[in-house]
Amino acid sequence: MIFFFEQKINISEESQITYLDDNLDHEFKVSLRGNLKEEHIKRYYNNVLKFLNDISKIFGKKIVVCIHPRDNLKIKKKIFKDFEVFQNATRENILKSYLVIFFESSAIVDAILTKKRIVTLVSDDLDENMLNGSNIYRDRLGITQIHLENYKNTDKIKLIEELNNNIKNYDKYIKENISPDGDEIGYKKIFRIVKESFFN
């Protein structure tokens, strides 16, 4: 978070839509729910691709896909063959985004801090933990949630209005969950407390 508090950044560029893809094979997630069935994985990605293509057409913006640092880049480039796929470049792409789409990811904090439009997705083919994670962001952050299996072509004007209105909810979330100490950066608070406690 130091990046956002201490550097002046240009967040005016909104040339793309960024999709934060989930690492379905992450060891922690597999330990919780086991391996997903191949049929669910295939259907899940088919629905994601249909949704991303539709959203790209609605907004007239390219889609870029950002994957987890421990994900398999080669496999994801095959899955998302029609889009640019990035690894270890999530923050940079979020800053260029008109809209950020995700299921459940801590990387979304960068989009919240820079007041980007955000959509969280849910899918019947994913596990309950992913659903709960998406629901938490929907409820606590007050953002739009789209159920992939129920998705139909959306009205652009209504969606933009809804996404823009959602941004008003971010300040409360930031204050309660990201920066409870206001503008004081975490590491500086630690130094201050240590200095006051042991060196004064």
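Each value, and the rule that gives it
Residues numbered from 1 in each chain as written. Predicted model: local features only at pLDDT ≥ 70, side-chain atom pairs only at ≥ 80, totals over all residues. Heavy atoms only, no water. Helix = DSSP H or I, 4+ residues; strand = E, 2+ residues; numbered from the N terminus. Expected span 1.5 Å × (residues − 1). Buried < 20%, exposed > 50% of the residue type's maximum accessible area, 1.4 Å probe, protein only. Pairing = 2+ DSSP bridges. Axes fitted to C-alpha atoms, helices over the stretch in contact; angles between N-to-C directions. Contact = heavy atoms within 4.5 Å. Polar contact = N/O pair within 3.5 Å; in protein donor to acceptor, adjacent residues only side chain to side chain.

(A) Region of the structure containing helix α3 (residues 38–59). Here α3 contains 22 residues, and its C-alpha end-to-end distance of 32 Å stays within 8% of the 32 Å for a straight helix at 1.5 Å per residue. Residues of α3 that are buried: I41, Y44, Y45, N47, V48, F51, L52, D54, I55, S56, I58 and F59. One or two residues past the end of α3 sits G60, with phi positive at roughly 65°.

(B) Layout of the sheet that holds strand β1 (residues 16–20). Strand order across the open sheet formed by 6 strands is β3-β2-β1-β4-β5-β6, with parallel pairing between neighbours. Each edge of the open sheet carries a strand with a single partner, namely β3 (84–87) and β6 (144–147). Adjacent strand axes in the sheet meet at a mean angle of 25° when their direction is disregarded. Across 5 bridges, β1 lies against strand β4 (residues 97–102) in parallel orientation. Across the sheet, residue Y19 finds its bridge partner in β4, namely I101. Docked against the sheet, α3 engages β1, β2 (62–67), β4, β5 (117–122) and β6, running at close to 165° with respect to β4. Where helix α7 (residues 128–141) meets the sheet, its contacts fall on β4, β5 and β6, and the angle it forms with β5 comes to roughly 145°.

(C) Focus on the environment of Q145. Its place among the elements puts Q145 in strand β6. Of the polar contacts made by the side chain of Q145, one reaches the side chain of N135; its length is 2.9 Å. At 2.9 Å, the side chain of Q145 forms a polar contact with the side chain of R138.

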